[in-house]
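The lines below spell out each chain.
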Amino acid sequence: MTPDDTGTAAPSKTRIEYLEELGDELVKRGFRVRLTLPRGQSPSLHVVNPDASALTENILAEQGADGWWYWWSWAERIAAADDVATAADRVALVLAVN
C-alpha cells in the first residue's frame, strides 16, 4: 500500500496489472500477447511477433527495493514498470524481424 493524495493507503499496482499494461502497448504495436498464470509460479506475459512466430519472449514484472521492473526471461531488466513505452520499445526491438 502507498499513501494517496488524501493521506490514506491506496493499493499499489499488481504484477498482473503491470503485465497487462505492457501487453496492451505491445498489441497496439502489432504483437500477439498472452498473460500466463502458471500454478505456483509468477505470472508472465508471452509475446509473439506474428510475422515470425519463432520470435517470442516471456516477460516478467517483479518488485525490488527500487520499485517495479519488467524483466526478460534470462533475468535481465528491460525497463522500469512505470515506463511502459520504453519497455515496449525494447521488447519490439528484440523481437523485430531484421
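Caption draft 1: Inspection of the packing of helix α1 (residues 15-28) against helix α2 (residues 84-94) at higher detail. Between α1 and α2, the least distance of the axes is 9 Å, while the angle of their chain directions is 55°. Taken together, the axes of α1 and α2 lie oblique to each other. You can see that α1 and α2 cross each other, and the crossing is right-handed. Residues Glu21, Leu22, Glu25 and Leu26 of α1 pack against Val84, Ala87, Ala88 and Val91 of α2. The class makeup of the residues in the contact of α1 with α2 is six nonpolar, no polar and two charged.

Caption draft 2: Up close: the side chain of asparagine 49. By the secondary structure assignment, asparagine 49 is in the loop between β4 (44-48) and β5 (56-64). For asparagine 49, a relative accessible area of 6% puts it in the buried group. One polar contact links the side chain of asparagine 49 to the main-chain amide nitrogen of aspartate 51, over a distance of 2.8 Å. The contact partners of asparagine 49, leaving out residues within four places of it in the chain, are Phe31, Leu55, Leu95, Ala96 and Val97.

Caption draft 3: Spatial organisation of the pattern of salt bridges. If you walk through the whole model with that rule in mind, you get five salt bridges. The shortest N-O distance in the salt bridge between glutamate 21 and lysine 13 comes to 2.6 Å. Taking the relative accessible area as the measure of exposure, glutamate 21 reaches 28% and is therefore partly exposed. The class of lysine 13 is partly exposed, set by a relative accessible area of 34%.

Caption draft 4: Broad picture of the sheet that holds strand β6 (residues 67-71). Taken in spatial order, the five strands of this open sheet run β3-β4-β5-β6-β7, and their pairing is antiparallel. The open sheet terminates on both sides in strands that have one partner only, identified here as β3 (32-36) and β7 (77-80). In this sheet, neighbouring strand axes are inclined to one another by 25° on average, regardless of whether the strands run parallel or antiparallel. Pairing between β6 and β7: three bridges, direction antiparallel. Counted as the bridge partner of tryptophan 71 is arginine 77 from β7. Against the sheet, α1 engages β3, β4, β5 and β6, with an angle of about 140° to β5. Of the strands in this sheet, β4, β5, β6 and β7 touch α2, which is tilted by about 155° from β7.

Rules used in this analysis
- Numbers given for residues are sequential positions, taken from 1 along each chain in its written order.
- Predicted model: local features are reported for residues with pLDDT of at least 70 only, side-chain atom pairs are reported and counted for 80 or more only, and whole-chain, interface and lining totals are derived from all residues.
- Working from all heavy atoms in the structure, the side-chain values ignore hydrogens and water.
- Here, axes are lines fitted to C-alpha atoms. For helices the fit covers the stretch in contact, and angles between N-to-C directions go from 0 to 180 degrees.
- Counting from the N terminus, the helices are the DSSP runs of H or I reaching at least four residues and the strands are the DSSP runs of E reaching at least two.
- Each angle receives one of four descriptions, namely roughly parallel if under 35 degrees, roughly antiparallel if over 145, roughly perpendicular if within 65 to 115, and oblique otherwise.
- A crossing counts as left-handed when the near helix is turned anticlockwise from the far one by less than a right angle, and as right-handed when that turn is clockwise.
- The criterion used for residue contact is that any of the two residues' heavy atoms lie within 4.5 Å.
- Three residue categories are used. Nonpolar comprises Ala, Val, Leu, Ile, Met, Phe, Trp, Tyr, Cys and Pro, charged comprises Asp, Glu, Lys and Arg, and polar comprises the others, including Gly.
- Per-residue accessibility, obtained with a 1.4 Å probe over protein chains only, is compared with the maximum for each type, and a residue is labelled buried under 20%, exposed over 50%, and partly exposed between these values.
- Each polar contact in these results corresponds to two N or O atoms within 3.5 Å; when the atoms are within protein, one needs to be able to donate a hydrogen and the other to accept it, and residues that are neighboring in sequence are counted only if both atoms are side-chain atoms.
- Salt bridge, as applied in this entry: a Lys or Arg side-chain nitrogen positioned within 4 Å of an Asp or Glu carboxyl oxygen.
- Any two strands between which DSSP finds at least two bridges are classified as paired.

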